[in-house]
Amino acid sequence: MNLIELFINDYTLRIVALGSALLGMVSGVVGSFAVLKKQGLLGDAVSHAALPGIAIMFILLQTKSTEMFMLGALIAGLLATGLIVAIEKNTHIKTDSAMALVLSVFFGFGLVLLTYIQKIPNANQAGLDKFIFGQASTLLRKDIYTIMIIGAVLLFVIVLFWKEFKLVTFDSDYADSLGISSKKVSLLISSMIVISIIIGLQTVGVILMSAMLVAPGVAARQWTDKLSVMVVLAGIFGAISGVVGTVISSSIQKMPTGPSIVIIISLIVIGSIIFSPNRGLLLRAIRERNYRKNINEDNVLINLYELAMNHKDPFHSHQIGAIKPIKTAGGKNTKYLENVLLKLQEKGFVKRDYFDEWAMTQEGIVYVEKHPMRKEMQYDSTN
Amino acid sequence: MTAQIEILIIGVIVAVACTIPGVFLVLRKMAMMTDAITHTILLGIIGVFLLVHDLNSPLLIVGAALVGLLTVYLVELVTKTKLVSEDSAIGIVFPLLFSIAIILISRYAGKVHIDTDSVLLGEIAFAPFNRMKIFGVDIGAKAMYSMGVILIINLALVIIFFKELKLSVFDSKLAAVLGFSPILIEYGLMASVSVTVVGAFEAVGSILVIAFMIGPPITAYMLTDNLKLMIGLSAGIGAINAILGFFIANAYDVSIAGSMALMTGISFIIVFIFAPRRGLFTVIRRRKNQKIDFAKKSMLFHIMNHENTDRENIENAVDNIYKHLNWSEEFINRIIKNLIQEKRIVVLDNIYKLTDEGREYTIRSYEEIVESFSEESQKMAR
Amino acid sequence: MTKSNNYVVEVEDMTVAYNVKPVLWDIDLKVPKGVLMAIVGPNGAGKSTMLKAMLDLIKPISGSVLFNGQSYYKQRKRIGFVPQRGSVDWDFPTTVLDVVLMGRYGHVGWIKRTTAKDKSYAMDALKKVSMEDFAKRQISQLSGGQQQRVFIARALVQDADIYFMDEPFQGVDAKTERAVIEILKELRTLGKTVLVVHHDLQTVKEYFDYVTLLNTQLIASGPVEEVFTEENLRKAYRSTGKILKG
């Protein structure tokens, strides 16, 4: 109740929540492509690399202008991306090293410029704070408009080039063979990633930005195999984390906004990884456990089947010792074998007779003969 | 010892202490994982602080090291599910841990001076203010000694476990089969990295530790193929970067740590372009030379193929040959000039002819190419 | 010549699955001493997986492996391994000799250094594969066949009794292939046992004396003349056409 009233009455809260939701959505949608191209950490690199771009803009313009700062950040981000690719392509140095180097050097350069601007040999001051940690709480209405416009453009581009993005992300060589320049499309995607990072920096800051880019897409991926659904879901997850994070941050004392948003999206990712129906860990573990049990049971059943088939009477019963014991990690175990046979009996595949010996039933024989592993089996292998 | 000299010394010690494990991080492709750790140790620091309420407690280092290992463990856990790629896993795990740290600081430690800026950015300029006192005698800045110890430990570990590190980074499967647990070695390496990061953050801030851990090693990697030399060169380059960075910062009155990081970038770019065997200039020049060499050989083959045939005076004619080979006239003239200079062809009655040496060379070249081609095709056939 | 009845490798009831797909199902395999055995089967049939499960690099769902009647850990020092060439980063800054020396680390143990004796073993191994001139060469400059020879040399210095090799002839020139097979045959003469995951059916009869046909299940295992038949191959490759030429 209180929360809703808060929402309706608090103008600032509405603005910030809206801004965060939009930024979450845009970075989630664009970030889906980064996730699929395994360029998730580009977000981290570009975020750090943006700093000198902003600083240079300030030096040139001598005034604070959000749009121009974003432009400077964009140029720096693209330059950084280009440098990383150049290093990868022309040397034997691997991508992760190239990223880490570019990231830290650009950021260091940014620090140098900042202290040059401030003329204090110490970079502790409010402007840098906002850059590192985000400043969601100071979003203004006009900022929202800027975000909305840029966000709309990005989304429009994605819809327009949907086929190309999809193909190049999945199989760039094939795209080239169809005459679609994978290089140009990749460049476009990278540029869009950089743009969404730059506008997203305002909410959560440099360090947390990679989560906003990557987590929504990763979470969405767990629920669907279709790219279109994944991208839409990622946008939704991103938006939700923006809103919920903002609301939590304003209702609890001393809760910073950026981290709150990241916590929410992280919970969404973790939840998706564990609970999603097809890929999720929980159901997978259950399925695997059942499967494992079945394998062991099937193995024993098939062994008994072999004994049965090698005998004149397929329904003749055999001692438990004759049925080849399972060697699980723990080693031979007659008791375990007996438990398995009991389970098989419950299923109606075997029958225990008066002398405590075991025999196949008709259903058991049918089951084995229909078993997928049965088809090519040899029961007279060179042993 | 003046404060200035102390800063310089601390810078050099930090740089070298970082490059030593850095070489293995680069070879192990764990650069971005290390970047993640530099952020997550904040959680270890704040966690321990909330327990002991003492910013100078040595337990802080332990806590930070543990969180460093936790980071590696969580990333591998997430990656092992096969639902998330490793880079995405890193991009999710470290912001989460960092967010928790920030929230803890805001809510529970707001009153105490944990300056997050200084954790992340550090400022080596203030390092001399923290003194090391033994029995009341001031023997210098604390950072010199703490980082010095870390440097010695890192060096010792790399020397003692050199072959184990080398083996597990190069071929972890064989390492496992031979009885060296690659997991143990990896976590050992990351523990030493975490401790180094904690030690260094005070001086240069955790974000810039990455510059030292990655920059000098990849610069050295461009210059040598010998692992031991690579480590030595990294240390040297790291020290030089620290020294030059220091002087630049002094000259322009800017962030010292930032300047040092910038220097790692500049020295890398210089080597990237000018390195003797792998530098950009050399690579481009080599490609150009290969192109010319191949063109020369092609022309010789062409001349030889049409030698003593009816079409010889058309195919090998001085005026026409460029049409048959389909190259620009300028390029052809250059190739021809080279070949004449090398005494491989001569002009006779307006057509080009091979000299005896030219013929020998052409046949040899042909055989070499065929041999190398058949090996390549064997490789590709499988 | 009758093969002795003690088996150097005994696999029982081994089952390995990824998620809910079985890769190996109830494998029973007994390898006699002193054979040169090929492990063949279609792609994805579990050949590499079986190797890795035997070497404890993957954990099976069920099953056990014994080496000379004992557990893997007790017999570890007598087991040599040649992994796939692609599993290694050939840009690593190290020389040919250095890579071969790594094969001695198992004998040297933790912390201790390799000695001059280890170095001379390594050079001997390199001579055996005709690579002694390349000892100081950087490994990134080697061709595929040369890389494989270095791996073989590294296996030789492991001085093992049982060797496991994962696709050693993949992407290798004919000359190297012949040289390597000669070495493997020599190992057999010395009484060693060699198991090779092999991809080329046409050369099985010529190179190996024992063969194991694998396609998730064990199709057949034994001497080549007995086991390497059209019928078995058809079962393994589930095809209806002729598999062997001529």
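Residues numbered from 1 in each chain as written. Chains lettered and ligands numbered in written order. Predicted model: local features only at pLDDT ≥ 70, side-chain atom pairs only at ≥ 80, totals over all residues.

Novice: Lay out the overall build of chain C in plain terms, naming residues and giving numbers.
Specialist: Of the regular secondary structure elements, chain C holds ten helices and nine strands. Taken against the 2.2 N^0.38 rule, which gives 18 Å for 246 residues, the C-alpha radius of gyration of chain C at 18 Å falls within 12% of a compact globule. Across its three principal axes, chain C shows a C-alpha extent of roughly 50 × 45 × 40 Å. Across the 246 residues of chain C, 47% fall into the buried class. Intrachain contacts of chain C at a sequence separation of at least 6 include 70% that bridge at least 24 residues. (Helix = DSSP H or I, 4+ residues; strand = E, 2+ residues; numbered from the N terminus. Rg over C-alpha atoms; globule rule 2.2 N^0.38 Å. Buried ≥ 20, exposed ≤ 12 C-beta atoms within 10 Å, placed from the backbone. Contact = placed C-beta atoms within 7 Å.)

Novice: Kindly report on the overall build of chain B, identifying the contributing residues and their values.
Specialist: On a plain count of helices and strands, chain B comes out with 17 helices and four strands. Within the span of chain B, comprising 382 residues, buried residues form 47% of the whole. Within chain B, contacts between residues at least 6 apart in sequence are counted, and of these 67% link residues at least 24 apart.

Novice: How would you explain unusual backbone geometry if you had to name every residue and give the values?
Specialist: Residues and elements named next belong to chain B. Even without being glycine, K82 reaches a positive phi, approximately 65°. Looking at the secondary structure, you find K82 in the loop between helix 3 (59-80) and helix 4 (86-108). Positioned with a positive phi, K343 is a non-glycine residue whose angle comes to about 60°. Within the secondary structure layout, K343 lies in the loop between helix 16 (329-341) and strand 3 (345-348).

Novice: Summarise the interface of chain A and chain B; cite the residues concerned and give the values.
Specialist: Facing the 51 residues of chain A at the interface are 54 residues of chain B. At the level of elements, helix 3 (42-61), helix 5 (95-118), helix 6 (126-133), helix 10 (182-221) and helix 12 (257-275) of chain A are the ones that each hand at least two residues to the side of chain A that touches chain B. Of all the elements, helix 5 of chain A adds the most residues to the side of chain A that touches chain B, at 15 residues.

Novice: Can you break down the interface of chain C and chain B residue by residue, with the values?
Specialist: On the side of chain B, 24 residues touch chain C, which itself brings 23 residues to the contact. Counting residues per element, the ones that place at least two in the side of chain C that touches chain B are strand 5 (79-82) and helix 4 (105-108) of chain C. When its residues are assigned to classes, the side of chain C that touches chain B shows 13 nonpolar, eight polar and two charged. (Nonpolar A, V, L, I, M, F, W, Y, C, P; charged D, E, K, R; others polar.)

Novice: Help me get a handle on the packing of helix 11 (residues 227-251) of chain A against helix 12 of chain A, residues and values and all.
Specialist: Residues and elements named next belong to chain A. Here helix 11 crosses helix 12 at 135°, and the two axes come no closer than 8 Å. One finds that helix 11 runs oblique with respect to helix 12. Note that helix 11 runs across helix 12; the crossing there is right-handed. Residue-level inspection shows F237, S241, G242, V244, G245, T246, I248 and S249 of helix 11 in contact with helix 12, the latter providing T257, S260, I261, I264, I265 and I268. (Axes fitted to C-alpha atoms, helices over the stretch in contact; angles between N-to-C directions. Parallel < 35°, antiparallel > 145°, perpendicular 65-115°, else oblique. Left-handed = near helix turned anticlockwise from the far one by under 90°.)

Novice: Please give an account of the nonpolar core that cites residues and values.
Specialist: Residues A:V102, C:M37 and C:V100 are the most contacted members of the largest nonpolar core, which totals 269 residues. Top element by residues in this core is helix 10 of chain A. It accounts for 22 residues. Excluding residues within four positions of it along the chain, C:V100 makes contact with C:A122, C:A125, C:L126, C:V150, C:A153, C:R154 and C:V157. A:L304, A:L307, A:A308 and A:V350 belong to the second-largest nonpolar core, a separate cluster that totals 18 residues. (Core = buried A, V, L, I, M, F, W, Y, C linked by C-beta atoms within 7 Å.)

Novice: Hey, could you go over the sheet that holds strand 4 (residues 62-67) of chain C for me, with residue numbers and the actual values?
Specialist: Residues and elements named next belong to chain C. The sheet built from three strands is open, its strands ordered 2-1-4 with antiparallel pairing. Two strands bound the open sheet, and with one partner strand each, they are strand 2 (21-32) and strand 4. Here the average twist between neighbouring strands, direction ignored, is 15°. Pairing analysis gives eight bridges linking strand 1 (residues 7-18) to strand 2, with the strands arranged antiparallel. Bridging across to strand 2, V9 finds its partner in V31. (Pairing = 2+ DSSP bridges.)

Novice: I'd love a proper account of the environment of A:G217, names of residues and values included.
Specialist: In this fold, A:G217 is placed in helix 10. Put simply, A:G217 and A:G28 are 189 residues apart on the chain and 6.0 Å apart in space, counted from C-alpha to C-alpha.

Novice: Summarise the sheet that holds strand 6 (residues 162-166) of chain C; cite the residues concerned and give the values.
Specialist: All names here are of chain C. What the six strands build is an open sheet, ordered 5-6-7-3-8-9; its pairing is mixed. Looking along the sheet, the strands with just one partner apiece sit at the ends: strand 5 and strand 9 (217-223). Neighbour-to-neighbour, the strand axes of this sheet turn through a mean angle of 15°, independent of strand direction. Sheet analysis places strand 5 next to strand 6, joined by four bridges and oriented parallel. Bridge assignment links V82 to a residue of strand 6, and that residue is M165.

Take it as geometry only, folks, not as evidence of what the structure does.
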